[in-house]
Amino acid sequence: MKTRIYKADDLAYDHVREDIRTTILAGRNVVFPTETVYGIGANAIDETGIRRIYDVKGRPSDNPLILHIADADDVTKYVTTIRPYAKRMMERFWPGPLTLVFDKSEIVPDAITGGLDTVGIRLPDSAIARDIIRIAGVPICAPSANISGRPSATLLEHVIDDFSGKVDIIIDGGKTPVGIESTVVDVTGDHSVILRPGMISRAMLAEIDNLVSVNEQSGLEKAPKSPGMKYKHYAPKGELVIIDGAVESVVSTILERLKQHGTQGDQCAVITTSEYQNKFPEDVVFVIGDADDDETIAANLFAILREADQRGMTHIYSMAFASGPHAEAIMNRLLKAADGRIITV
Ligand code: AMP
Ligand code: MG
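Thresholds, definitions, all that
- Residues numbered from 1 in each chain as written.
- Chains lettered and ligands numbered in written order.
- Predicted model: local features only at pLDDT ≥ 70, side-chain atom pairs only at ≥ 80, totals over all residues.
- Heavy atoms only, no water.
- Near = heavy atom within 4 Å.
- Polar contact = N/O pair within 3.5 Å; in protein donor to acceptor, adjacent residues only side chain to side chain.
- Areas by Shrake-Rupley, 256 points an atom, 1.4 Å probe, with all protein chains shown as cover.
- Helix = DSSP H or I, 4+ residues; strand = E, 2+ residues; numbered from the N terminus.
- Salt bridge = Lys/Arg side-chain N within 4 Å of Asp/Glu carboxyl O.
- Buried < 20%, exposed > 50% of the residue type's maximum accessible area, 1.4 Å probe, protein only.
- Core = buried A, V, L, I, M, F, W, Y, C linked by side-chain atoms within 4.5 Å.
- Contact = heavy atoms within 4.5 Å.
- Pairing = 2+ DSSP bridges.
- Axes fitted to C-alpha atoms, helices over the stretch in contact; angles between N-to-C directions.
- Parallel < 35°, antiparallel > 145°, perpendicular 65-115°, else oblique.
- Left-handed = near helix turned anticlockwise from the far one by under 90°.
- Nonpolar A, V, L, I, M, F, W, Y, C, P; charged D, E, K, R; others polar.

**What about the site of ligand 1?**
Neighbouring ligand 1 are 19 residues, the closest being Thr118, Ser144, Arg196, Ser226 and Gly228. Residue asparagine 63 places a side-chain N or O atom 3.1 Å away from an oxygen atom belonging to ligand 1. A distance of 3.0 Å separates an oxygen atom of ligand 1 from a polar atom in the side chain of arginine 196. About the coverage of ligand 1: the protein hides 96% of its 500 Å² of free accessible area. Counting only elements with at least two residues in the shell around ligand 1, the list comes to β6 (118-122) and β10 (193-196).

This is the structure in structure tokens:
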């Protein structure tokens, strides 16, 4: 298949809009940018395109897809109940990087929920994403546009690497600004439960529901409430290890490791903030941002993991980024990418 790539500006042309609309309605896939990461989209109320997403991504079929809408009022079509605190979260954080999990209505196909009675819904802040949903005229399910297990795509080139020739259309929206996926919150109970941390942080949610909790199972247990959390995620090809602790010790530990690898012909990378880049040899350093700017750290995380892959890095050492307001979200992704390998020094 030859993939058609359009620029965001091309959405002004009728023939491009028609191509997107007919492609989605034919049960095929369109990759488009959202404010979090790129998503691979299909008609959320027709199984053909949904099945194709699972196939193309290699996604396990019990890992549900998030339904994306362009107008908040549409949520009522797909859910049975909206609790008052959920309504307040929608008013405060939509459009934005927050997915709410509701009890689903009949029209939501089991194919997107992995057989659950609930559905995750998000109203994206990205004008391009909302335009795509409106062009299609149907809700769009759109998991992250990466081969399952790989780092999510935040740049067009990542999407092309994973999906060129495998999807009908890719929309180029440049770099996605948030850089990590939405916060997923279960709003079916008396109080909210965070199933996946994200840039809408626990502190921000607590302003609305002061008893917000975190699903302690996320990630490890047999039957986590958010099925996606049990799978391998975000992994670069090289072996990623996080080194945590006082900066001096972290730096000396990483330098020691680099020295050991030096004699073995390994390709090493170090992910660090700008403050410490001079501590390491120039050719191994990947600067993720400034230590006090964790929005930028989040925005660059997946792109750095992908770049390390492109440059053939076999061993990647990362500092921990655990002190800012978005530490929970960033460390969730980094730890999964490292498959839990963290050394405290
Ligand atoms: P992705 O689309 O790749 O960003 O992944 C979507 C995430 O949302 C996965 O971790 C899913 O398990 C989670 N999710 C989607 N729908 C639901 C749902 N109905 N209940 C619980 N988690 C969900
Ligand atoms: Mg994903």
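**Description of the pattern of salt bridges**
Applying the stated criterion across every chain, the model contains 17 salt bridges. For the salt bridge of arginine 51 with glutamate 47, the shortest nitrogen-to-oxygen distance reads 3.0 Å. With arginine 51 and glutamate 47 both in helix α2 (residues 47-57) and four residues apart, this pair spans about one turn of that helix. Between arginine 83 and aspartate 190 there is a salt bridge, and its shortest N-O distance comes to 3.1 Å. Of this pair, arginine 83 sits in the loop between α3 (75-78) and α4 (84-93) while aspartate 190 is found in the loop between β9 (183-186) and β10, placing the two residues 107 residues apart along the sequence. By relative accessible area, which is 29% here, arginine 83 ends up partly exposed.

**Some details on the nonpolar core**
Formed by 46 residues in total, the largest nonpolar core has its most connected members in Trp94, Phe102 and Ile121. At the level of elements, β3 (38-43), α2, α3, α4, β5 (98-103), α5 (110-113), β6 and α7 (156-163) are the ones that each hand at least two residues to this core. Sort the elements by how many residues they give to this core and α4 lands first, with five residues. Ignoring sequence-local partners within four residues, the contact set of tryptophan 94 consists of Ile69, Ala72, Val75, Met89, Leu100, Phe102, Ile121, Arg122 and Leu123.

**Some words on the sheet that holds strand β13 (residues 268-272)**
Across the sheet, which stays open at both edges, the five strands sit in the order β14-β13-β15-β12-β16 with parallel pairing between neighbours. If you trace the sheet from one side to the other, it starts and ends with β14 (285-287) and β16 (342-344), each paired once. Pairwise comparison of adjacent strand axes, ignoring direction, gives a mean angle of 25° for this sheet. Of the pairings in the sheet, the one linking strand β12 (residues 239-244) to β16 comprises three bridges and is parallel in character. In the strand pairing of β16, isoleucine 242 is matched with isoleucine 342. Across the sheet, helix α9 (residues 247-262) touches β12, β13, β15 (315-319) and β16, and the angle it forms with β15 is around 175°.

**Quick look at the pairing of β13**
Counting buried positions along β13 yields five of five residues, so the element is predominantly enclosed. Residues Cys268, Val270 and Thr272 line one face of β13 and the alternating positions Ala269 and Ile271 line the opposite face, and both faces are buried. Strand direction decides the pairing type here: β13 and β15, joined by four bridges, are parallel. Of the residues in β15, the one forming a bridge with alanine 269 is isoleucine 316.

**Notes on the packing of α7 against helix α10 (residues 294-310)**
For the pair α7 and α10, interaxial distance at closest approach is 11 Å and the crossing angle is 55°. In terms of orientation, α7 lies oblique with respect to α10. α7 and α10 meet at a crossing whose hand is left-handed. Residues Glu157, His158, Asp161 and Asp162 of α7 pack against Ala303, Arg306 and Gln310 of α10. Broken down by class, the residue content of the contact of α7 with α10 amounts to one nonpolar, two polar and four charged.

**Focus: unusual backbone geometry**
In the segment running from tryptophan 94 into proline 95, the intervening peptide bond is cis, with an omega of -5°. Among the structural elements, proline 95 can be located in the loop between α4 and β5. One non-glycine residue, aspartate 339, lies in positive phi territory at about 50°. Mapped onto the elements of the fold, aspartate 339 is located in the loop between α11 (327-337) and β16.

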